Amino acid sequence: MELQKILDYQDIDKKVYACEMEFKQSKPAQDYAKAMSLYKTKTEEMLKSIRDSEEVAVICDRYKQTYKNIFEEMNGLNDVFDSFEELKEIDKYEKKIAQFQKELLNIERELTRLSKKMDECIEISKKSLEDLKKLEDIIKVRKIDMQKIKIAIEDKAKIYIAELKKLQSEIPENVLAKYNAIRKNKKMPVLVSSSEDFKSCLGCGMDISSDLTIKLQNKQIVECPNCGRLIFNKNWF
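Residues numbered from 1 in each chain as written. Predicted model: local features only at pLDDT ≥ 70, side-chain atom pairs only at ≥ 80, totals over all residues. Heavy atoms only, no water.

This part covers unusual backbone geometry. Met188 connects to Pro189 through a cis peptide bond whose omega is 5°. Relative to the elements of secondary structure, Pro189 occurs in the loop between helix H4 (173-184) and strand S1 (191-193). Residue Phe198 is not a glycine yet carries a positive backbone phi of 65°. Residue placement: Phe198 occurs in the loop between S1 and helix H5 (210-217). Given a relative accessible area of 13%, Phe198 falls into the buried group. Even without a glycine there, the phi angle at Lys219 is positive, about 60°. By the secondary structure assignment, Lys219 is in the loop between H5 and strand S2 (222-223). For Lys219, a relative accessible area of 39% gives the class partly exposed. (Helix = DSSP H or I, 4+ residues; strand = E, 2+ residues; numbered from the N terminus. Buried < 20%, exposed > 50% of the residue type's maximum accessible area, 1.4 Å probe, protein only.)

Structure representation (structure tokens):
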């Protein structure tokens, strides 16, 4: 690979990267990002309240069915009492009824608690929906402000992007693909020189293996195992 070509490409790309950072760090872009982040948070809150309410509804239905089953069984016991003649059997079933009544009381208490939980979920959903509607208006305004500065910065970067396109034809496709892959990981510069002793990456400062050191000494470009940048021999030229 002709190292100088890719280094020239990187020098121009640094200017594009600087424009990207200028846009990213601009107040309109940050305000827009904050609004979108808050919108996402509120959406998650509303979805959670909906999921919670669905779970409450399932539990309520289960308790209602249990309530119905117990009530039907109690009615059955009452029907049996009419034909019982032995008091000991009546005592036995009275205890059973007392047990049923206790269970029913517990179910009623739980249903009351779940009803309150359902009301809370509904209130959270309503509040989240109101907040989302307000945020939508805010996002529209902030998007307009962001687009204005985006257009201005993109216009400044056009000349650099055009220069990059010219150089792309002079760089092997596989090398350019590797460069772009590292670039997408927010690693800039992509290509960095080695340390004087060829034992570390000047991009992240971490040591590299002896095998990579030997390759660097033989003027081969290697990939840093820590940060993923491409390292070249400091004394290449």
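The rest of the description comes next.
The subject of this paragraph is the layout of surface pockets. Space inside the largest pocket adds up to approximately 190 Å³. Lining the largest pocket we find Val16, Cys19, Glu20, Phe23, Lys150, Ile153, Glu154, Ala157, Ile161 and Arg183. Listing elements by their share of the lining of the largest pocket, those giving two or more residues are helix H1 (3-24) and helix H3 (87-168). If one sorts the elements of the lining of the largest pocket by residue count, H3 sits on top with five residues. (1 Å grid on protein atoms, 1.4 Å probe; cavity = no way out; pocket = protein on both sides within 12 Å on 5 of 7 lines; lining within 4 Å. Points joined across faces, edges and corners; volume = space filled by probe spheres on them.)

If you trace the three strands from one edge of the open sheet to the other, you get S1-S3-S2, paired in mixed fashion. The open sheet has two edge strands, S1 and S2, and neither has a second partner. Relative to strand S3 (residues 230-232), S2 runs antiparallel, the two being bridged by two bridges. Within S3, the position partnered with Glu223 by the bridge is Leu230. (Pairing = 2+ DSSP bridges.)

Across all of its chains, the model carries 13 salt bridges by this definition. Residues Asp52 and Lys48 are paired through a salt bridge, measuring 3.0 Å at the closest nitrogen-oxygen approach. Here Asp52 and its partner Lys48 are both found in helix H2 (residues 27-81), four residues apart, which amounts to about one turn of the helix. The partner of Asp155 in a salt bridge is Lys158, and the shortest N-O contact between them spans 3.8 Å. With Asp155 and Lys158 both in helix H3 and three residues apart, this pair spans about one turn of that helix. (Salt bridge = Lys/Arg side-chain N within 4 Å of Asp/Glu carboxyl O.)

Our next topic: the nonpolar core. Counting 20 residues, the largest nonpolar core has Leu3, Ile6, Tyr9, Tyr179 and Leu191 as its most contacted members. Those elements that provide at least two residues to this core are H1, H3, H4 and S3. Ranked by residue count, the leading element in this core is H1, at seven residues. Residues Phe198, Cys201, Leu212 and Ile231 belong to the second largest nonpolar core, which totals ten residues. (Core = buried A, V, L, I, M, F, W, Y, C linked by side-chain atoms within 4.5 Å.)

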